Amino acid sequence: MYLTLTKGTICYMLKLNDIVKNYDSGENVVRALRGIDVQFRESEFVSILGPSGCGKTTLLNIIGGLDRYTSGDLVINGKSSKDFKDRDWDTYRNHSIGFVFQNYNLISHQTVLSNVELALTLSGMSKTERRKRALDVLKKVGLEDQIHKKPNQMSGGQMQRVAIARALINDPDILLADEPTGALDSETSVQVLELLKTIAKDKLVIMVTHNPDLAKQYSTRIIKLLDGNITDDSNPYDEEKDAEKIAQTKKKGKRTSMSFLTALSLSRNNLLTKKGRTILTSFAGSIGIIGIALILSLSNGVQAFIDNVQEDTLSSYPLQITKTTTNFGELMQSMSNNEVDHNHGMDKVYSRNLLSQQLNTMLKETKINNLERFKKFVDKNDELKDLTTDIQYSYSVPLTVFKADTENGLTQVNPSTLLTDTGFYSEAQLNSMSSMGMGSANVWSEMIDNEKLIKNQYDILAGKLPEKYNEIVLVVDEYNELNDYVLYSLGILDTSKLKGLMKKATVGEKIEIDSKQTSYTYEELLDLKFKLISPTDKFVKEDGLWIDKSKDENYMKGVVDKGVELKVVGIVRPSDEAAAASIGGAIGYRHDLTTYILDKVTASEIVKDQQSNKDIDIFTGLKFATDEDKDNKNVRVVSADTISQQNSESPQMLDINKLDRSKLTDTQKQYLASLSDEQMDLLQKMSEEQVQKMEDAQKAKSVVSSATYDENLEILGYSTEEKPSGINIYPKDFKSKERITEIIEEYNKGLDEADKIEYTDYVGLIMSSVTTIINSISYVLIAFVAISLIVSSIMIGIITYISVLERTKEIGILRSIGASKRDISRVFNAETLIVGFVAGLIGIGVSYLLTLPINLIINYFTDVQLRAAIPILGAVILIAISMLLTLIAGLLPSRIAAKKDPVVALRSE
C-alpha cells in the first residue's frame, strides 16, 4: 500500500505532522508526545537527545511502526499512514525499517546467521539468495567467521554488530537505533558509531542516545526533546534548500509472510533449548496415545484373528447352492405352525395325518434352483467376485478313480465302496445320509481355486501343491496321521481283512482288533498312483445297444489300465495357525480335473449317440415313454433292468418251446421282453401254437422305455460347464457373506418363483456377533482413554501459554522486523504441532515396545494365535490426532501471543 523511493522528486523520506501520543494510566492520561512536527532527509545521521521519560523511545517506536500515534499523521514518502492496516505496518517495518536496540534483542536459540536471515524469510526470499545476502552483510560488520555461534557465545560488541547486520539485511530506507552503545564500553561504542556513520551516507539513521558528546561527534543533525516536545533542531529540514529534482522510480513493498517452515525452525530451536521440559511434556501428552494405541493393537490383533478364523471357517463352510434344495429354516417354522384339529369324541380311536402333513410341507419347502441362469449372473458380477476367495462349481459327473495297480484285482477308491463292500452300510443308507447333509463316504475333495489361502491353511510337508489337472495332494491331520478309513479307501491297506472282521461280527464271533500302528515315508506316499476313467468307459455297443460292462472285471481291468494316471505330488498338513481347513478329504484335486472329465464325457461316442437319438433309449433300443404312453393301457412301459433280466431268461423259454430266436421279429422280441415272470412261467407250459396266438393278440401293444433322455445323460455323467449341479460360494469374511446374501436377495427380486435361488448357510451368524462385541468394547475403552488424551492436550495448552510468556521478547523482536500477528500465531502453532508430533511418536514407540511382552503373555497363557500389532494407518492417524489436539489446545495461547503489544514485548526480560 505504501511506496518506498530509491530516488525521487519528493525531498523528504519521512514527515511527522503534529504527532501526539497519549497513554492511559488508570484514570490518568500520560502525554508522551505533544504535537511533534519534524521532517527527515533521505540520508542523514540524526541523534535524538533528551532526559529519560521525555518521549525519545516513543518517538522512535512511532517512526518504526511499532507503536501507533494518537493523533496527527506520519507521512512516509509522501503517503499518509492514517489508513494503514496492521499488514501495511508489518510490510513497512520489514522493507523500510531496521531496528538496533540497546540490549541487542537477538533470539537466543538461533545462530548468528539465522538471526540475520530472519527478516529475509518474512519477505519471501529464496534460501540461496537469503544465505548470500546474510553472509555479505555479516562480512561488512566483521563477523563472517562467527555465523554458527549462538548469541550467548559472543561479546556485547559482537552481538550489537549482529543486531546492526540484521537491521541492514533487508536494505531498509531507515535505520532506527535505540541507545545502541548503552551497554558497550567506549572502544566498542566508537566502532559501532563509526559503522552507523558509514551507513548514514546512503540511509536515514535515527539514533536515540543520552551521550551528547558522541552525538555531536558522529551525527549530522541533533534533535533535542523535552516533555514530549522538540526544543532544538541543529539542522532542520529546509524545503527550498533541500529540494532536489531527479528521476523518480517507485517500488511497491511486498507483503510479509513467514513460511511455516520458518515457524517450525524457530519453534524447534526454542524447544531444543528446553529439552527436558519438552520431553516430559511430550511424554505426558503421549499417555493418552499409548492407551489408545494399545487398545487398537489388541483390537487389531483380535480382529486379525477373527478375520483369519472367518476366512478359514468360510473356506470349509461356504454358501451352498444345490440344484435341489430345502429351506430347513422355513421347513421347521412350517412344521411348528401345523395345528392338528382334535375336535372329535373319545369313544373311538381316530387317525392323525401327521406323516402326510410333513411330506406335504417338505415338498412345499423343497425347490429346484435354476443354476444355469444364476451362473450367468455370477460370471458377470464383479462385486460378487471381489467378495469371495473362490466360487466353486460342482457337476453331476462322477470322478471314478481306481488304484493304478490292478495285478491283484480292481480297487475302486472313488466313489468309495468301502462301507458297502464291508457291509457297514447299504448303498441306500449312504445316499440317505449324504442327502441329509451328514457328509460323504468319499475321501476325495476338489480344492478351492485360491492357492494363497491354501498355503495359509496348510504346511507343505513334502513335494508341492498340484499344478496340473492330473496332480493331486495327500492331506494328513495335525498329528501327521491318516486314519485307517482313508488308508482302506485309498487301497493302501488290504480291505479283505476288514471284510473278514465284519463277517465275524455279524455272526457274533469274537474279533481281535490289531492296534499296531504302521508308518509310511513321504517318498512312499508320493509314489502313490491312481487311474481315472470316464463314466462312459464302462459301456460297450453290442447289436446296436449300449451294454453296461462294469461287472465284467476283465473288461474293466483293460479300461483302468488305459485310464489317466493321477499322481500324488505333495503331502500337506493343516497349519497350527489355521482355524479351519478348506480341503474336505484326504485327497485334494484341482478343478482342472473336473473340467477334463466333463470334456471327455462330452466327446464320448455314447453321449453323441444319445444326443443324436433324443427319442430312443440307447440302452434298450426302445422309445422314451411320453405322458400319453404312461396313461395308455395298450403301451407297456419297462425299464432297462427289466429288459436285461427278461432277455437273459428269454433264451431258456424259447429253447423250451423250440422257438428260433433268429427268426423272431422286433415286435415279438419286444413282446417277450415285456412279459412278467408269471407270464413267462405260463408261456413255458404253452404250445408254440398257443404262444403265436397270444402274440397275435398282443400285437397292438407296444413297449416303451421308462427312462428319460435327461436320466440317460445323467447316468453317463454328461454335463456342461454352463449347467452346474451345485455352486459353493466362499466369502472372504462375514461382512462379505452378508453382502453376498444381499446380492442374492436382490437377484431374486422380480423373478418368477421357479428362477429364484435358495441357498444353505452352514455357518450363519456364529461369529459376526463376536466382531460386533469386540468393536463395541474397543470403542468404549477408547472413549475412556480419550479423556486422558484431552486432559494431556489441555496441559500442553498451558505449557504453550508458559512458552508464550517466556518468549515475549522474541515476539517483540519478530514484530519489529515485520512479522505479522498471523506469523506470531504460526510460530506457536508450529510449537504445539511439534510437541504433538513428538508426543505421538513417543506414544506409538512405547506402545510398540509394550506389545512385545503383551504378545508373550497372551501366547503363554492361552492357545489363541493372537498377535497384538499397531496398524500402520492407525499409528499415522493417532499421531495426526495428537498433533490436532495439541494444535487446538495451543490456539488460545497463540492468539494471546499474536495480540501482544510489540513495544511492551520488547521491554520484557
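The following refers to the structure shown. Bear in mind the structure is a predicted one, so any value in this text is a computation, not a measurement.

### What to know about the overall build of the chain
Thinking step 1. Summing up its helical and strand segments, the chain has 35 helices and 30 strands in all.
Thinking step 2. Looking at the 909 residues of the chain, the share that counts as buried comes to 46%.
Thinking step 3. Put simply, of all contacts in the chain between residues at least 6 apart along the chain, 81% involve residues at least 24 apart.
Thinking step 4. Split by element, the accessible area of the chain, about 47700 Å² in all, is 52% carbon and sulfur.

### Remarks on the sheet that holds strand 13 (residues 319-322)
Thinking step 1. In space, the four strands of this open sheet follow the order 16-29-13-30, with antiparallel pairing throughout. The open sheet has two free edges, formed respectively by strand 16 (388-394) and strand 30 (760-761), since each of these has just one partner strand.
Thinking step 2. One ladder, built from four bridges, connects strand 13 with strand 29 (residues 726-731); its direction is antiparallel. Residue pairing for strand 29: Q320 is matched across the bridge by N728.

### Things to note about a nonpolar patch on the surface
Thinking step 1. Taken together, V780, F784, I787 and V791 make up a surface patch of nonpolar side chains, about 400 Å² in accessible area.
Thinking step 2. Among the secondary structure elements, V780 is positioned in helix 31 (residues 768-806).
Thinking step 3. Residue V780 is classed as partly exposed on the basis of its relative accessible area of 46%.

### Quick word on the pairing of strand 8 (residues 174-178)
Thinking step 1. Across the five residues that make up strand 8, a large majority, five, are buried.
Thinking step 2. The alternating pattern of strand 8 places I174, L176 and D178 on one face and L175 and A177 on the opposite face, and all of these are buried.
Thinking step 3. Here four bridges tie strand 7 (residues 97-100) to strand 8, and the two strands are oriented parallel to one another. When the sheet's bridge partners are listed, V100 is paired in strand 8 with A177.
Thinking step 4. The pairing of strand 8 with strand 9 (residues 204-208) spans five bridges and is classified as parallel.

### Some thoughts on the sheet that holds strand 7
Thinking step 1. Strand order across the open sheet formed by six strands is 7-8-9-4-10-11, with mixed pairing between neighbours. A strand with exactly one partner marks an edge of an open sheet, and here the two such strands are strand 7 and strand 11 (229-233). The sheet shows a mean angle of 20° between the axes of neighbouring strands, taken without regard to direction.
Thinking step 2. Pairing analysis gives five bridges linking strand 4 (residues 44-49) to strand 9, with the strands arranged parallel. Looking at the pairing, I48 lines up with V208 of strand 9.
Thinking step 3. The strands that helix 1 (residues 56-63) touches are strand 4, strand 7, strand 8, strand 9 and strand 10 (221-226); relative to strand 8, the one it contacts most, it runs at about 155°.
Thinking step 4. Packing of helix 5 (residues 156-168) onto the sheet brings it into contact with strand 7 and strand 8, and relative to strand 7 it is tilted by some 170°.

### Focus on the pattern of salt bridges
Thinking step 1. Under the criterion given, the structure shown has 29 salt bridges.
Thinking step 2. D86 is the salt-bridge partner of R68, the closest N and O atoms lying 3.7 Å from each other. One end of the pair, R68, is in the loop between helix 1 and strand 5 (71-76); the other, D86, is in helix 2 (residues 86-96), and 18 residues separate them in sequence.
Thinking step 3. The residue K821 makes a salt bridge to D86 at a minimum N-O spacing of 3.2 Å. Here K821, found in helix 33 (residues 821-861), pairs with D86, found in helix 2; they are 735 residues apart in sequence, far enough to count as distant.
Thinking step 4. Residue class for K821 comes out partly exposed when judged on its relative accessible area of 36%.
Thinking step 5. For D86, a relative accessible area of 35% translates into the label partly exposed.

### Some words on the packing of helix 32 (residues 808-816) against helix 33
Thinking step 1. Where helix 32 contacts helix 33, the axes come no closer than 10 Å and their chain directions differ by 140°. As far as their axial angle goes, helix 33 and helix 32 are oblique. Our pair here, helix 32 against helix 33, has a crossing hand that is right-handed. Contact residues: helix 32 offers I811, L814 and R815, while helix 33 offers K821, I824, V827 and F828.
Thinking step 2. Among the residues making up the contact of helix 32 with helix 33, the classes are represented as five nonpolar, no polar and two charged.

### Quick look at unusual backbone geometry
Thinking step 1. Each neighbour pair has its own omega, and for N414 with P415 the value is -10°, a cis peptide bond.
Thinking step 2. Along the chain, P415 falls in the loop between strand 18 (412-414) and helix 15 (418-421).
Thinking step 3. Backbone geometry at N105 places phi at a positive 55°, although glycine is not the residue there.
Thinking step 4. Position of N105 among the secondary structure elements: in the loop between strand 7 and helix 3 (112-122).
Thinking step 5. For D227, which is not glycine, the phi torsion reads 50° and is therefore positive.

About the criteria used
Residues numbered from 1 in each chain as written. Predicted model: local features only at pLDDT ≥ 70, side-chain atom pairs only at ≥ 80, totals over all residues. Heavy atoms only, no water. Helix = DSSP H or I, 4+ residues; strand = E, 2+ residues; numbered from the N terminus. Buried < 20%, exposed > 50% of the residue type's maximum accessible area, 1.4 Å probe, protein only. Contact = heavy atoms within 4.5 Å. Areas by Shrake-Rupley, 256 points an atom, 1.4 Å probe, with all protein chains shown as cover. Pairing = 2+ DSSP bridges. Patch = residues over 30% accessible without salt bridge, like charges linked within 9 Å, V, L, I, M, F, W, Y side chains within 5 Å. Salt bridge = Lys/Arg side-chain N within 4 Å of Asp/Glu carboxyl O. Axes fitted to C-alpha atoms, helices over the stretch in contact; angles between N-to-C directions. Parallel < 35°, antiparallel > 145°, perpendicular 65-115°, else oblique. Left-handed = near helix turned anticlockwise from the far one by under 90°. Nonpolar A, V, L, I, M, F, W, Y, C, P; charged D, E, K, R; others polar.

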